[in-house]
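Descriptive structure summary
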Amino acid sequence: EAQVTQNPRYLITVTGKKLTVTCSQNMNHEYMSWYRQDPGLGLRQIYYSMNVEVTDKGDVPEGYKVSRKEKRNFPLILESPSPNQTSLYFCASTSRSSYNSPLHFGNGTRLTVT
Amino acid sequence: GQNIDQPTEMTATEGAIVQINCTYQTSGFNGLFWYQQHAGEAPTFLSYNVLDGLEEKGRFSSFLSRSKGYSYLLLKELQMKDSASYLCAVRALKAAGNKLTFGGGTRVLVKP
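Below is a summary of the structure that appears in this document. The structure displayed is predicted, hence computed values, not measured ones.

On to the overall build of chain A. Within chain A one finds zero helices and 11 strands. Taken over the C-alpha trace, chain A has a radius of gyration of 13 Å; the compact-globule value for 114 residues is 13 Å, and the two agree within 12%. If one aligns the C-alpha atoms of chain A with their principal axes, the spans along those axes are about 40 × 30 × 25 Å. Counting every position in chain A, which comprises 114 residues, the buried fraction comes to 51%. At a minimum sequence separation of 6, the contacts of chain A that also span at least 24 residues come to 54%. For chain A, the exposed area adds up to about 5600 Å²; of that, 48% sits on carbon and sulfur atoms. Of the side chains in chain A, 13 bear a positive and 9 a negative charge, and the two mean positions are spaced by 4 Å.

Here you go:
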């Protein structure tokens, strides 16, 4: 089954404790991205990657890091989480083959930073 | 930059029709997407429009007018399971990584 898999689904942590959210896709998509979703603000792009070892900032990159060492994986790293990073996070992937390719989303990670 | 507006919330009755409007402003346009998102779940793709007109997919239809920067999603024969948020998203011309910019979403509540 074609899917984007994120882990964990829920995460509660404390300020300053480094964490990683994993993301993997099995559709051989070139493009991957991370979004955060907050009430009233919609989905906002954090980082994206167009290929292995090619990453770039989205609209709200502060406080986040990413890496793309393999085509299928795109982890999101919070080196020193803060309470304003409490949010619902989604990983997404899409094919570069066509401009009408939709984003395919993972099931989300609900992060709480206390 | 891009700006996308849609109503925050709508209520409708089971079996009825609801129309969710979306207006957008973008410096270059390469398509408009609609997604459905149940609470706490991932958004799932519903429809894509890049040319003016109506695209129909079963109970759901989506309309686009590029000159007006306007789209709507029409949900017919509403069912209780249609209670969800509906997200309007725009792809700009030459969007890096096929990025989508999302509106805030419209929460639709279907009542019996």
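And the narrative resumes.
Scanning the model with the defined rule gives eight salt bridges over all chains in all. With its nearest N and O atoms 4.0 Å apart, the salt bridge here joins E9(B) to R107(B). Of this pair, E9(B) sits in strand β2 (residues 9-13) while R107(B) sits in strand β11 (residues 106-111), and the two are 98 residues apart along the sequence. Of the residues examined, R107(B) reaches a relative accessible area of 52% and is grouped as exposed. Among the salt bridges present, the one from D82(B) reaches R59(B), with a minimum N-O distance of 2.7 Å. Residue D82(B) is found in the loop between β8 (70-75) and β9 (84-90), and its partner R59(B) is found in the loop between β6 (53-57) and β7 (60-65); the two are separated by 23 residues along the sequence. Judged by its relative accessible area of 2%, D82(B) falls in the buried class. Among the charged side chains, a network of salt bridges with common partners joins R36(A), D38(A) and R44(A).

For the rest of this paragraph, the subject is the interface of chain B and chain A. Taken together, the 20 residues of chain B in the interface contact 23 residues of chain A. Both faces combined, the contact of chain B with chain A buries some 1700 Å², and carbon together with sulfur accounts for 56% of it. Summed over the three residues of chain B that lose the most area to chain A, namely N98(B), K99(B) and F102(B), the buried surface amounts to 27% of that side. Across the contact surface, chain B and chain A share one salt bridge. Two residues, K99(B) and D59(A), come together in a salt bridge whose shortest N-O distance is 2.7 Å.

One finds I20(B), Y24(B), L32(B), W34(B), L73(B), L75(B) and Y86(B) to be the most contacted residues of the largest nonpolar core, which totals 21 residues. Setting aside residues up to four positions removed in sequence, L32(B) forms contacts with C22(B), Y24(B), S47(B), Y48(B), N49(B), L64(B), S71(B), C88(B), A89(B) and V90(B). By size, the runner-up hydrophobic cluster in this structure holds 19 residues, among which are I46(A), Y47(A), F74(A) and L76(A).

Along the chain, N7(A) connects to P8(A) via a cis peptide bond; the corresponding omega equals 0°. Among the secondary structure elements, P8(A) is positioned in the loop between β1 (4-7) and β2 (10-13). Phi at E77(B) takes a positive value of approximately 45°, unusual for a residue other than glycine. Phi is positive for N98(B), close to 55°, though the residue is something other than glycine. As for its position among the elements, N98(B) is in the loop between β9 and β10 (101-102). Judged by its relative accessible area of 10%, N98(B) is buried.

Parameters and conventions
Residues numbered from 1 in each chain as written. Chains lettered and ligands numbered in written order. Predicted model: local features only at pLDDT ≥ 70, side-chain atom pairs only at ≥ 80, totals over all residues. Heavy atoms only, no water. Helix = DSSP H or I, 4+ residues; strand = E, 2+ residues; numbered from the N terminus. Rg over C-alpha atoms; globule rule 2.2 N^0.38 Å. Buried < 20%, exposed > 50% of the residue type's maximum accessible area, 1.4 Å probe, protein only. Contact = heavy atoms within 4.5 Å. Areas by Shrake-Rupley, 256 points an atom, 1.4 Å probe, with all protein chains shown as cover. Lys, Arg positive; Asp, Glu negative; His and termini not counted. Charge placed at Lys NZ, Arg CZ, Asp CG, Glu CD. Salt bridge = Lys/Arg side-chain N within 4 Å of Asp/Glu carboxyl O. Buried area = accessible area lost by both parts, 1.4 Å probe. Core = buried A, V, L, I, M, F, W, Y, C linked by side-chain atoms within 4.5 Å.

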